[in-house]
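# Descriptive analysis of the structure
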Amino acid sequence: MLDRRTIVAGLAGLPFASAAASAQGAWQTRFPELVFAVVPAENASGLTERMAPFNAYLARELGVRVTLRIANDYAAVIEGQRSGQIHLAYYGPSSYVRAHTVTNGAVEPFVTTINSDGSIGYFSVLYTRANNPATSIQDLKGKNLCLVDPNSTSGNNVPRYAMSRMGIPNPDQHFSRVVYAGSHENAITAVAQGTCDAAFNWWNSEQDSNFSRMVNKGMVKFEDFKIIFKSELIAGSPYAWLTALPADAKAAILKAFLEAPQKDKAAFDRLSDGKDRGFQKVTHQDYIPVVELQKFVDQMRRARS
C-alpha cells in the first residue's frame, strides 16, 4: 500500500485556502485536500526532494492542501485511484492504462512533459556493465536480468514486447533468472553490484535518464555502463486525475500545471533537474498504442499461468 512517509507539502498555501475558495469557486469546499501520488521510480527520499517544491506550488495555486504520497509500488497508486483515495497521480503509460482499465475509465490523463529537445515520450533501454562482452539481448542467454515492476512501461512491458518480437517469448527460459528490482534505481544498482547482468530502464537522452540522475548523485559512474538495446519511442509518462473531479477543479489543476514553468520555474525545474521545457496537454487517445501493449502483456501473463 502507500508509503506512510507522507509529505504534506501544501501547508504553505493553507492560509489562503479560504480566500482562494471564494474567489475561484465551490470545488475547494468539496475537496479541501487533494492526494497526489507518485510511483517509486527512484528511492523515496530522492522523489520527495524533487516533487515537494512542485507540490507546494500546486497547493498555493489551488488554494487547498495537496498531500504528496510516494507509493511502495506501482500497484498501490492504481489501487488508490480505484478506491477514489488518490485524486492526482504521476506514473508511466502502462500504469495509467492499467488504472484506466480497472476503474472503467474513472481516471484520465491531462498532461505529460515536453523533453529538452521538444519531443514528447521516452525510451526503454537495456544497460550492462561496460566490460560485459554482450552486444545484444540474445548474447545474454543464461544470464540474470533485472526488470523494474510488473506495471512499469520501460522496465517491464516494452522489454517483454520487444523480446517477444525478437524471438524471446519467454524471458524466464532465455535468462537464468529474471527479477523485479522494484525501482529503476534498484535495477541499475543490481547491475553495479553484480546481482544482475543487465537491467532495463527509462531513457530520454545521455543527459536525461534515471541512469544520468544516478551518475549526478554519485551512485554510479558513467563509464562503467553501456546500452545494448533501445526501444521505439514510448508515449510520455502522464499526470492523471480522477474523472469525477469537478470541471472547475480540473480547469484549475490544468492551468496550474501549464503555467508552472513561468509561475514557479524553480519548482518546475526541480522535477526534471531542469531538463524539461514544460507540460503538454494529453488525452486518453494519446495512449491507445499503450492499450494495445497492455493487451499483449495480459495475454502473455495468462499464457504463463
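Higher on the page you've got the structure.
The following paragraphs examine the structure supplied in this document. What you are looking at is a predicted structure, and each value in this text was computed from that prediction instead of being measured.

Rules of the game
Residues numbered from 1 in each chain as written. Predicted model: local features only at pLDDT ≥ 70, side-chain atom pairs only at ≥ 80, totals over all residues. Heavy atoms only, no water. Salt bridge = Lys/Arg side-chain N within 4 Å of Asp/Glu carboxyl O. Helix = DSSP H or I, 4+ residues; strand = E, 2+ residues; numbered from the N terminus. Buried < 20%, exposed > 50% of the residue type's maximum accessible area, 1.4 Å probe, protein only. Contact = heavy atoms within 4.5 Å. Disulfide = S-S within 2.5 Å. Axes fitted to C-alpha atoms, helices over the stretch in contact; angles between N-to-C directions. Parallel < 35°, antiparallel > 145°, perpendicular 65-115°, else oblique. Nonpolar A, V, L, I, M, F, W, Y, C, P; charged D, E, K, R; others polar. Phe/Tyr/Trp six-rings, centres within 6.5 Å; stacked < 30°, edge-to-face > 60°. Lys NZ or Arg CZ within 6 Å of the ring centre and 35° of its normal. Pairing = 2+ DSSP bridges.

## Observations regarding the pattern of salt bridges
Under the counting rule described, the total for this entry stands at 17 salt bridges. In this structure, Arg-60 and Asp-264 form a salt bridge, with 2.6 Å as the shortest nitrogen-oxygen distance. Separated by 204 residues along the polypeptide, Arg-60 in helix α3 (residues 44-62) and Asp-264 in the loop between α10 (247-263) and α11 (265-272) bring together distant segments of the chain. Judged by its relative accessible area of 40%, Arg-60 is partly exposed. Across the salt bridge formed by Glu-108 and Lys-250, the nearest N and O atoms sit 3.1 Å from each other. Of this pair, Glu-108 sits in strand β5 (residues 107-115) while Lys-250 sits in helix α10, and the two are 142 residues apart along the sequence.

## Digging into the environment of Ser-176
Along the polypeptide, Ser-176 turns up in the loop between α7 (171-174) and β8 (177-180). Separated by 36 residues in the primary sequence, Ser-176 and Leu-140 place their C-alpha atoms 9.2 Å from one another. Setting aside its immediate chain neighbours within four residues, Ser-176 contacts Gly-142, Lys-143 and Asn-144.

## Section: the side chain of Ser-237
Here Ser-237 is to be found in the loop between β11 (225-230) and β12 (238-242). A relative accessible area of 15% places Ser-237 in the buried class. The contact partners of Ser-237, leaving out residues within four places of it in the chain, are Tyr-90, Tyr-91, Gly-92, Pro-93, Val-111, Thr-112, Thr-113, Tyr-122 and Tyr-287.

## Focus on the state of the cysteines
Under the definition given, this model contains one disulfide. Through a disulfide, Cys-146 is tied to Cys-196; the S-S separation comes to 2.3 Å. Its torsion about the S-S bond being 65°, the disulfide of Cys-146 and Cys-196 is classed as right-handed. Linking Cys-146 in strand β7 (residues 144-147) with Cys-196 in the loop between α8 (184-193) and β9 (198-205), this pair joins segments that are 50 residues apart in sequence. Exposure remark for Cys-196: the relative accessible area of 2% places this residue in the buried category.

## A few points about the packing of helix α5 (residues 93-102) against helix α12 (residues 288-304)
Relative to each other, α5 and α12 sit at 80°, their axes nearing to 9 Å. As summarised for this structure, α5 and α12 are arranged roughly perpendicular, according to the angle between their axes. Across the interface between the two elements, Pro-93, Ser-94, Val-97 and Arg-98 of α5 pack against Val-290, Val-291, Leu-293, Gln-294, Asp-298 and Arg-301 of α12. Among the residues making up the contact of α5 with α12, the classes are represented as five nonpolar, two polar and three charged.

## Quick look at the packing of aromatic side chains
Within this structure, the stated rule accounts for 19 aromatic pairs. Aromatic pair Phe-110 and Phe-257: ring centres 5.0 Å apart, planes at 90°, arrangement edge-to-face. Placement of Phe-110 in strand β5 and of Phe-257 in helix α10 is noted, with a sequence separation of 147 residues between them. The pair formed by Phe-110 and Phe-257 is uniform in burial state, with each residue classed as buried. Relative to Phe-279, the ring of Phe-268 lies with its centre 5.3 Å away and its plane at 75°, an arrangement referred to as edge-to-face. On the criterion of sequence distance, the pair formed by Phe-268 in helix α11 and Phe-279 in strand β13 (residues 276-281) is long-range, its members being eleven residues apart. Among the aromatic residues, those joined into a ring-pair cluster are Phe-36, Phe-54, Tyr-57, Tyr-90, Phe-110, Tyr-239, Trp-241, Phe-257, Phe-268 and Phe-279. If you follow Arg-129 out to its NZ or CZ, it ends over the ring of Phe-225, 5.9 Å from the centre. For the cation-ring pair, Lys-230 lies above Phe-123, with the distance from its terminal atom to the ring centre recorded as 4.3 Å.

## Notes on unusual backbone geometry
Phi angles above zero are rare outside glycine, and Asn-104 is one such case at about 55°. Relative to the assigned elements, Asn-104 resides in the loop between α5 and β5. Non-glycine residue Asp-273 carries a positive phi angle of around 55°. The residue Asp-273 is located in the loop between α11 and β13 in this model.

## Here we look at the pairing of β7
Here β7 runs beside β8; their pairing, made up of four bridges, is parallel. Looking across to β8, one finds that Asn-144 is bridged to Arg-177. Sheet analysis places β7 next to β9, joined by two bridges and oriented parallel. Among the inter-strand pairings, Leu-145 is bridged to a residue of β9, identified as Ala-198.

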